[in-house]
Amino acid sequence: MTRLDLGPIGVTLDVRPDGGHLDDAAMLESLGYSTLWIVGGQLATLDPLRDVIGATRTVPVGSAIIPARVYAPEDVVALRRDLETSHPGRLITGLGGAHGDHPLRTMNAYLDSLDAADPPVPAAARMLSALGPRMLELSRDRAAGAVPLLVTPEFTADARRILGDEATLAVMEYVVLESDPRLARDTVREPIGFLTRVGGYPKNLRRMGFTEEDIAGLSDRLIDGLVAWGDLDTVTARLKRHLDAGADQVVLVVRPTDPNAIPHKEWRALADALIG
């Protein structure tokens, strides 16, 4: 399968009740970010995907991810059918959240339903939130590629070897533009702490070499292994490690040190440094 042309630097967008994220989406497109992603925890409905695509001109918009345990295949089919009519080629259908005893079986069955739909959601238009080797193989064989989160550059290199040369690899990376170690690490401890208790994340952290103590205590070693933090030069170098390891795109999950702030200045600074 041919790699998707997503561009090297994507960015996540937080949905806001006041609709301000739609202005943010237009701004991010104007700054040159090549793909906008909406994380799954914000998808109480699938409407934000429609709304962001409607608020922008040409930039691809991805779901990272639509959880298979929340939305039926019919919901995804309807979303893509509608958007292919109004904005063809703009939606990247990121899928995941197949938690439980048999996640691989669950995701295979979900993809079977997408293949059998009329019209189908083609493999070339979907990506999977893959962490383990077998889910990465499924991303290679039944999707356009993988969009993992909470991973190291070493994971990225291993994932590229499994995916091969043709599949797309978009690596999501928390970013904190802050050089104070305590403040930078504390900024992301809450969201990372939540994810360490979800689905396959703990197992994958252990697979990458983090200890039970690292995971339970959200150690500095864990945070430093998973997060790009520091000044612009330090962050840029960290992101480049993912690209050099085989990522097609690094998706910036930007977190300001003020939890109530919208990261407008960080988005602009990162765009200047990474996109030009």
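Since the structure is predicted, the reported quantities are computational estimates derived from the model, not experimental observations.

> Can you help me understand helix α1 (residues 20-31) in this one?
Owing to its 3.6 residues per turn, the α-helix brings residues three or four apart onto one side. For α1, built from 12 residues, the straight-helix expectation of 16 Å at 1.5 Å per residue is met to within 8% by its first-to-last C-alpha distance of 17 Å. Within the span of α1, buried status applies to Gly20, His21, Asp24, Ala25, Met27, Leu28 and Glu29. Against the buried residues of α1 lie β1 (9-12), β2 (35-39), α2 (47-55) and α12 (264-274). Following α1 by one or two positions, Gly32 adopts a phi angle in the positive range, close to 105 degrees.

> Would you mind going over the nonpolar core with me for this structure?
Side chains of a nonpolar character, in soluble globular proteins, are inclined to be buried together. Judged by nonpolar contacts, the single largest core of 90 residues is most densely connected at Tyr33, Met107, Ile192 and Leu252. Take this core: its biggest share by element is seven residues, from strand β8 (residues 168-176). For Tyr33, the residues in contact, after removing those within four places along its chain, are Ile9, Gly10, Val11, Leu28, Val59, Leu252, Trp267, Leu270, Ala271 and Ile275.

> Help me out: how do you make sense of the pairing of β1 in this one?
A regular strand places its side chains on the two faces of the sheet in alternate fashion. Burial along β1 is two-sided: Ile9 and Val11 facing one way and Gly10 and Thr12 facing the other are all buried. With three bridges connecting them, β1 and strand β10 (residues 249-254) associate as parallel partners. In the sheet register, Ile9 faces β10, and the bridge partner there is Val250. Examined bridge by bridge, β1 and β2 share three bridges and lie parallel to one another. Across the sheet, Gly10 pairs through a bridge with Thr35, a residue of β2. In terms of handedness, the path from β1 via α1 over to β2 forms a crossover that is right-handed.

> So what exactly am I meant to see when it comes to the environment of Arg50 here?
By the secondary structure assignment, Arg50 is in helix α2. The sequence separation of Arg50 and Val251 amounts to 201 residues, and the corresponding C-alpha distance is 20 Å. What Arg50 contacts, discounting residues up to four positions off in sequence, is Ala78, Leu79, Asp82 and Leu83.

> Would you explain the pattern of salt bridges in this entry?
Two side chains of opposite charge can pair, provided their charged atoms sit close to one another. Taken as a whole, this structure holds 24 salt bridges when the rule is applied. For Asp47, the salt bridge goes to Arg50, with nearest N and O atoms at 3.2 Å. Taken together, the positions of Asp47 and Arg50, both in helix α2 and three residues apart, correspond to about one turn of that helix. Note that Arg221 and Asp214 form a salt bridge whose closest N and O atoms lie 2.4 Å from each other. Ionic contacts of the salt-bridge type, sharing partners, join the residues Arg182, Arg185, Asp186, Arg189, Asp220 and Asp224 into one network.

> In this structure, what is going on with the layout of surface pockets? I would like to understand it.
Empty space among the atoms can be located by rolling a probe the size of a water molecule over them. Volume-wise, the largest pocket comes out at about 1,200 Å³. The set of elements that each furnish at least two residues to the lining of the largest pocket consists of β5 (91-96), α4 (103-116), α5 (133-142), β8, α7 (181-195) and α8 (201-207). Of the residues that constitute the lining of the largest pocket, the class distribution is 25 nonpolar, 13 polar and nine charged. If you go around the second largest pocket, you meet 20 residues; those closest to its centre are Asp14, Arg255, Pro256, Pro259 and Ala261. The element that contributes the greatest number of residues to the lining of the second largest pocket is α7, accounting for four residues. Looking at the lining of the second largest pocket residue by residue, the classes come out as nine nonpolar, four polar and seven charged.

> Any chance you could explain helix α3 (residues 73-86) here in plain terms?
Its 14 residues place the ends of α3 20 Å apart at the C-alpha level, agreeing with the 20 Å of an ideal helix rising 1.5 Å per residue. Among all positions of α3, only Pro73, Val76, Val77, Leu79, Arg80 and Leu83 are buried. Taken down its axis, α3 places every buried residue within 165 degrees of arc, on the same side. Residues of α3 that are exposed and point more than 90 degrees away from the buried face comprise Glu74 and Thr85. Each element contacted by the buried residues of α3 is listed here: α2, β4 (66-67), β5 and α4.

Quick notes on the rules
Residues numbered from 1 in each chain as written. Predicted model: local features only at pLDDT ≥ 70, side-chain atom pairs only at ≥ 80, totals over all residues. Heavy atoms only, no water. Helix = DSSP H or I, 4+ residues; strand = E, 2+ residues; numbered from the N terminus. Expected span 1.5 Å × (residues − 1). Buried < 20%, exposed > 50% of the residue type's maximum accessible area, 1.4 Å probe, protein only. Contact = heavy atoms within 4.5 Å. Core = buried A, V, L, I, M, F, W, Y, C linked by side-chain atoms within 4.5 Å. Pairing = 2+ DSSP bridges. Right-handed = clockwise from strand over helix to strand, strands pointing away. Salt bridge = Lys/Arg side-chain N within 4 Å of Asp/Glu carboxyl O. 1 Å grid on protein atoms, 1.4 Å probe; cavity = no way out; pocket = protein on both sides within 12 Å on 5 of 7 lines; lining within 4 Å. Points joined across faces, edges and corners; volume = space filled by probe spheres on them. Nonpolar A, V, L, I, M, F, W, Y, C, P; charged D, E, K, R; others polar. Arc of directions from axis to C-beta.

By themselves, these are just geometric observations and shouldn't be taken as functional.
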